[in-house]
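Summary of the model geometry
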Amino acid sequence: MASYCCNSLPTRSHFISSDFLRQLKTQQLLDRAKRRFDVSPRSTKVTAFYGLKTPPYKLDALEPYMSKRTIDVHWGELHQNFVEGLNKQLEKDDILYGYTMDELVKETFNNGNPLPEFNNAAEVWNHDFFWESMQPGGGEMPRLGLLQQIEKDFGSFTNFREKFIEAALTLFGSGWVWLVLKREERRLEILKTSNAICPVVWDDIPLVNLDLWEHAYYLDYKNDKAKYVNTFMDHLVSWDTAMGRLARAEAFVNLGEPKIPIA
Ligand SMILES: [Fe+2]
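Residues numbered from 1 in each chain as written. Predicted model: local features only at pLDDT ≥ 70, side-chain atom pairs only at ≥ 80, totals over all residues. Heavy atoms only, no water.

1. Looking at the packing of helix H5 (residues 144–154) against helix H6 (residues 157–170)
Between H5 and H6, whose axes approach to 8 Å, the crossing angle comes to 75°. In this view, H5 runs roughly perpendicular relative to H6, as classed from their interaxial angle. Seen from H5, the contacting residues are Leu147, Ile150, Glu151 and Phe154; seen from H6, they are Phe157, Asn159, Phe160 and Lys163. In terms of residue class, the contact of H5 with H6 is built from 5 nonpolar, 1 polar and 2 charged. (Axes fitted to C-alpha atoms, helices over the stretch in contact; angles between N-to-C directions. Helix = DSSP H or I, 4+ residues; strand = E, 2+ residues; numbered from the N terminus. Parallel < 35°, antiparallel > 145°, perpendicular 65-115°, else oblique. Contact = heavy atoms within 4.5 Å. Nonpolar A, V, L, I, M, F, W, Y, C, P; charged D, E, K, R; others polar.)

Shown next as structure tokens:
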């Protein structure tokens, strides 16, 4: 039989007051939090939090529209640098430890006053999403529900395609173009974002993104951004992935759930 002894228990009464229990509970929570964030030599040092996700195809599978050389540099070096940079930042401030990447992006966006970790976190999210927004044999037309939603919200696929390309070509500086589902309005929209900004910070649900940083296209297309963007639409974009994302999002949006679960 286990026995318990606590010297700080009151000795004049057989009853423990509710105030005392509250104090004890508070102290237990404080002790737990202290242990959680303890940086004493006895605590285990966590040195990495996130890994580099692999694209869902071989690195030469998008040729000739996106070369292996581009993906080697873009994914193998630049994307990897964002992951390593983020992990280094988190080593110094492990209060952010344990978030999913979605949560980390929203948390570090800090309502429009980004924390130092935001750029790396968002660029990891954006690139993970970008690789999965393409597929070998991609492009052409979306199908089924996605096509219907595009026709409903943009009039026609041709109109949507023109607007997406126009958004990409008028983006000033580096950034991204997105097809998103607006959660409240329940309609599709094309968005442009600068630098690392990712629409999940506004609670939008991304379906497709296109990287418009120069590193994404320069090796294959030099300064011909229009050729890169048209090639993405004609041969690279994965409408299958976008359709799956929309179907999953719609189910929860229509049910009024406050949060899309992490896949
Ligand atoms: Fe990039």
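After that view of the structure, there is still more to cover.
2. Describing the coordination of the iron ion
Every protein donor of the iron ion is listed here as His74 (NE2), His127 (NE2), Asp211 (OD) and His215 (NE2), and their distances to the metal cover 2.0 to 2.1 Å. Considering all 4 donor atoms around the iron ion, angles at the metal cover 88 to 140° and the coordination shape is irregular. In primary sequence terms, the donor set of the iron ion follows H-x52-H-x83-D-x3-H. Note that His74 is positioned in helix H2 (residues 68–92) and His127 in helix H4 (residues 118–132), a separation of 53 residues in sequence. Across the pair, exposure class does not vary: His74 and His127 are buried alike. (Donors = N, O, S within 2.8 Å, 3.2 Å for Na, K, Ca; no water. Tetrahedral: all angles 85-135°; square planar, octahedral: opposite > 155°, others 65-115°. Buried < 20%, exposed > 50% of the residue type's maximum accessible area, 1.4 Å probe, protein only.)

3. Examining the sheet that holds strand S1 (residues 175–182)
Read from one edge of the open sheet, 3 strands run S2-S1-S3, paired in antiparallel fashion. Two strands in the sheet have a free side with no partner beyond their single neighbour: strand S2 (187–194) and strand S3 (205–211). On average, adjacent strands in this sheet sit at an angle of 20° to one another, irrespective of strand direction. The pairing of S1 with S2 spans 8 bridges and is classified as antiparallel. When the bridges of S2 are listed, Val180 appears paired with Glu189. Most of the contacts of H5 go to S2, to which it runs at about 80°, and overall it touches S1, S2 and S3. (Pairing = 2+ DSSP bridges.)

4. Some words on the pattern of salt bridges
Counted according to the given criterion, the structure contains 9 salt bridges. One salt bridge in this structure joins Asp203 and Lys106, with 3.8 Å as the shortest N-O distance. Note that Asp203 is positioned in the loop between S2 and S3 and Lys106 in helix H3 (residues 101–109), a separation of 97 residues in sequence. Residue classification places Asp203 among the partly exposed residues on the basis of a relative accessible area of 32%. The partner of Asp153 in a salt bridge is Lys152, with the nearest N and O atoms 3.9 Å apart. Relative accessible area serves as the criterion here: at 24%, Asp153 is assigned to the partly exposed category. Classification of Lys152 as exposed rests on a relative accessible area of 60%. Linked by salt bridges that have partners in common, Lys106, Arg183 and Asp203 make up one network. (Salt bridge = Lys/Arg side-chain N within 4 Å of Asp/Glu carboxyl O.)

5. Observations concerning the nonpolar core
Counting residues in each nonpolar core, the largest one holds 69 residues, and the members touching the most others are Phe160, Tyr228, Phe232 and Trp239. Ranked by the residues each element gives to this core, the list is headed by H4, at 8 residues. (Core = buried A, V, L, I, M, F, W, Y, C linked by side-chain atoms within 4.5 Å.)

6. Describing unusual backbone geometry
Of note, the bond from Glu63 into Pro64 is cis; its omega dihedral lies within 30 degrees of zero at 5°. Tracing the backbone shows Pro64 in the loop between helix H1 (18–36) and H2. Its identity as a non-glycine residue notwithstanding, Asn111 has a phi of 55°, on the positive side. You can see Asn111 is positioned in the loop between H3 and H4. Here the phi dihedral of Leu144 falls at roughly 50°; this positive angle occurs in a residue that is not glycine. As for its placement among the helices and strands, Leu144 is situated in helix H5.

7. A closer look at the confidence of the model for the protein
When pLDDT is averaged along the protein, the result is 83; 77% of the residues meet or exceed 70. Counting contacts from residues 1–18, a segment whose pLDDT is below 50, to residues more than four positions away or on other chains yields 4 contacts. A low-confidence stretch, residues 255–263 (pLDDT under 50), is modelled with 16 contacts involving residues beyond four sequence positions or located in other chains. (pLDDT = per-residue confidence, 0-100.)

8. Side note on the packing of H2 against H4
One can describe the packing of H2 onto H4 by two numbers: an axis separation of 8 Å at closest approach and a directional angle of 145°. Relative to H4, the crossing made by H2 is left-handed. Residues Ile71, His74, Trp75, His79, Phe82, Val83, Gly85, Leu86 and Gln89 of H2 touch H4, and the partners they reach there are Asn120, Ala121, Glu123, Val124, His127, Asp128, Phe130 and Trp131. For the contact of H2 with H4, the per-class residue count stands at 9 nonpolar, 6 polar and 2 charged. (Left-handed = near helix turned anticlockwise from the far one by under 90°.)

9. Overview of the pairing of S3
Taking burial as the measure, the 7 residues of S3 include 7 buried ones, the bulk of the element. Sheet topology note: the S1/S3 ladder contains 6 bridges and is antiparallel. Following the sheet pairing, Trp178 is matched in S3 by Asn209.

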